[in-house]
Amino acid sequence: LKLFSIIKLRSWSHTRFVAGYPTYQNIVIGGKNTEGKSCINEMSYILLEALGDIRLSEPNFYIRCHENMPRKFVDLMVKVIKLGFGMPALVNDEVIIDSLMDRGVSKEDAFNYSTMGCLEVQVPGKWGFRANGKTKVNMLKIMELALNGGVDPVSKEKTMKGMKDLTEFKSFEEIMESYNTAVMHYMELQVSADNINDLAMEELVPDAFSAGLVEDCLGRGKTIKEGGAVYDMISGALVGGPNVGNSLYAVKKAVFDEKLLTLEELKDALEHNFEGVQRERIRLLLQNKIEKYGNDVPEADEMLREIYRVYIENIFSYKNTRYGRGPVGGGFMPSTVTISSNVPDGGRVGATPDGRKAFQPTAEGVSPMHGTEKNGPTSVINSVAKLNTRQMTGGQLLNMRFNPAAVRSKEDEAKFFSLIETFFRKKGWHVQFNMISTEVLKDAQKRPEEYKDLVVRVAGYSALFSALDRITQDDIISRMEYEM
């Protein structure tokens, strides 16, 4: 109750990226120890029951899931999820512990990890202040620039030299090369921006109290920003990845493989936001004829894996301002924890080859783009499980929404947990659920005074639905409503 009473005031430009007043305080239960035994105890049940009783958007509540969870605890977990306020969210010990050790975290500390922020991970009391950096990497905008000769079609400003226009590409391989070049360019800018920010914070915001609570700041005589923490690795969230995968796959299939349209026709349609009968036909072709990520189609899913590859393979070579000053790591990690930035980031990108119209939101995290899932929730988890998840040490976000009627009986509950269990066996990182029907959400939008306590899952956090702006509400309403 005390945590829920805290409100952080932010500018509107900042608020759009973190809609719903989150303060990112986390309670984490569950998990296993180094012997593989469950750490679930009496307090785990008490906290989970209290969560179901209070049903507030703060604090953020996570369960560390693994193969040895007691059935009684699983049943309670599913019952609380069914209440429909987006918590508890679930993370997977099987992949996260290994991912942390890959980055140099000791085995003992990796088994003691906790979530922080949305769903980033850290070692409590030993981590360098935050797991997520200050930058959001708008991958869809990067793709748009890479397909337009380095020119922003919105502002008309040239942001990169030596880039080809869409109509000048001779092969799909050239398009991928242009996209990867643009990613590398903006990766460097991301690192520069984050390091400038951190230098300013080191100079102006010493955080002496926080430093006193983090090892080994007192032992080293350094604040966190000076390198006092045991571990210091941060990530920059990759926004709009599923749209990039769908878009580039659509160009490959529609233009180069099946020759359903030319690059000139595609460019014309994008420049005019698919307006007009013929351009709308092109949009429907791109949207409906070409397979999309999230439907367990190997080639479409592999495209998304490929568009993340160049970032994943290169980002850890860049260093933050604490590198060489004491902490383990001192670098940057990949992440798909978008918060609510998929809405304002989409608002900066024109029409794209996946059939998305100009300035519409992107997909959030690695969730499939709204309306593209055709084969149900099992296909979604199969597609997500194919991604480079273990390398996404900054966190991998998956949102799913079910109609409450889909998990009504004991048999339904068992099926629902089987879906979760299968996803985590396939090394999924994280999943969270909204258990609210489209009908209820639309009614809450029309009559907010009747739904003042309606809590929904936005991204890696929950928020009061009435506290969200209209565009973010629409984005949540447009998410696929699954049945079992």
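Preceding this section is the structure that the text describes.
Summarised in this report is the structure supplied together with it.

What counts and how
- Residues numbered from 1 in each chain as written.
- Predicted model: local features only at pLDDT ≥ 70, side-chain atom pairs only at ≥ 80, totals over all residues.
- Heavy atoms only, no water.
- Buried < 20%, exposed > 50% of the residue type's maximum accessible area, 1.4 Å probe, protein only.
- Helix = DSSP H or I, 4+ residues; strand = E, 2+ residues; numbered from the N terminus.
- Pairing = 2+ DSSP bridges.
- Phe/Tyr/Trp six-rings, centres within 6.5 Å; stacked < 30°, edge-to-face > 60°.
- Lys NZ or Arg CZ within 6 Å of the ring centre and 35° of its normal.
- Salt bridge = Lys/Arg side-chain N within 4 Å of Asp/Glu carboxyl O.
- Core = buried A, V, L, I, M, F, W, Y, C linked by side-chain atoms within 4.5 Å.
- Contact = heavy atoms within 4.5 Å.
- Lys, Arg positive; Asp, Glu negative; His and termini not counted.
- Polar contact = N/O pair within 3.5 Å; in protein donor to acceptor, adjacent residues only side chain to side chain.
- Axes fitted to C-alpha atoms, helices over the stretch in contact; angles between N-to-C directions.
- Parallel < 35°, antiparallel > 145°, perpendicular 65-115°, else oblique.
- Left-handed = near helix turned anticlockwise from the far one by under 90°.
- Nonpolar A, V, L, I, M, F, W, Y, C, P; charged D, E, K, R; others polar.

Another point: the pairing of strand β7 (residues 231-239). A regular strand carries its side chains on alternate faces of the sheet. β7 sits mainly inside the fold: 9 of its 9 residues count as buried. What you see with β7 is no split at all: Y231, M233, S235, A237 and V239 on one side and D232, I234, G236 and L238 on the other are buried throughout. Pairing analysis gives 7 bridges linking β7 to strand β8 (residues 328-335), with the strands arranged parallel. By the bridge assignment, M233 is partnered in β8 with G331.

On inspection of all chains with the given rule, the structure shows 9 aromatic pairs. Seen from their ring centres, Y24 and Y461 are 6.0 Å apart, and the 85° between their planes marks the pair as edge-to-face. Here Y24, found in the loop between α1 (12-15) and β1 (26-30), pairs with Y461, found in the loop between β11 (455-457) and β12 (462-464); they are 437 residues apart in sequence, far enough to count as distant. Summarising the aromatic geometry, the rings of F402 and F416 are spaced 5.6 Å apart at their centres and angled 85° between planes, so their arrangement reads as edge-to-face. One end of the pair, F402, is in strand β9 (residues 399-402); the other, F416, is in helix α16 (residues 410-425), with 14 residues separating them in the sequence. As far as burial versus exposure is concerned, F402 and F416 are alike and both buried. An aromatic cluster is present here, built from F402, F416, F433 and Y482 joined pairwise through their rings. Sitting over the face of the ring of F316, K319 holds its NZ or CZ atom 6.0 Å from the ring centroid.

Attention now moves to the pattern of salt bridges. For side chains of opposite charge, pairing can occur when their charged atoms come near one another. Here the structure, examined in full by the defined rule, presents 34 salt bridges. One salt bridge in this structure joins E413 and K82, with 2.8 Å as the shortest N-O distance. On the criterion of sequence distance, the pair formed by E413 in helix α16 and K82 in helix α3 (residues 71-82) is long-range, its members being 331 residues apart. Since its relative accessible area comes to 7%, E413 is described here as buried. Shared partners join several salt bridges into a network, and the residues in it are K252, K253, D257, E258 and E299.

This part takes up the nonpolar core. One finds L48, I63, L90, L248 and I307 to be the most contacted residues of the largest nonpolar core, which totals 94 residues. For this core, the leading source of residues is helix α13 (residues 298-315), giving 9 residues. Other than its neighbours up to four places away in sequence, L248 contacts M143, F172, I175, M176, Y179, M303 and I307. Core analysis: the second largest hydrophobic core is formed by 40 residues, L100, M333, Y451 and L468 among them.

Relative to the elements of secondary structure, R457 occurs in strand β11. Within the buried core, R457 has no salt-bridge partner, and the shortest N-O distance to an opposite charge, that of E58, equals 8.2 Å. Within polar-contact distance, the side chain of R457 engages the side chain of Q432 at 2.9 Å. Once residues lying within four places of it in the same chain are set aside, the contact partners of R457 are N60, Y62, G86, M87, A89, N399, Q432, F433, N434, S462, I476 and R479.

Close contact between helix α15 (residues 377-385) and α16 brings their axes to 9 Å; oriented N to C, the two are set at 15°. By the criterion of interaxial angle, the relationship of α15 to α16 is roughly parallel. Where α15 crosses over α16, the two elements pack in a sense that is right-handed. Listed contacts from α16 to P377, T378, I381, V384 and A385 of α15 are L419, T422 and F423. Among the residues making up the contact of α15 with α16, the classes are represented as 6 nonpolar, 2 polar and no charged.

So, to be careful, I would describe these as geometric facts and stop short of saying anything about function.
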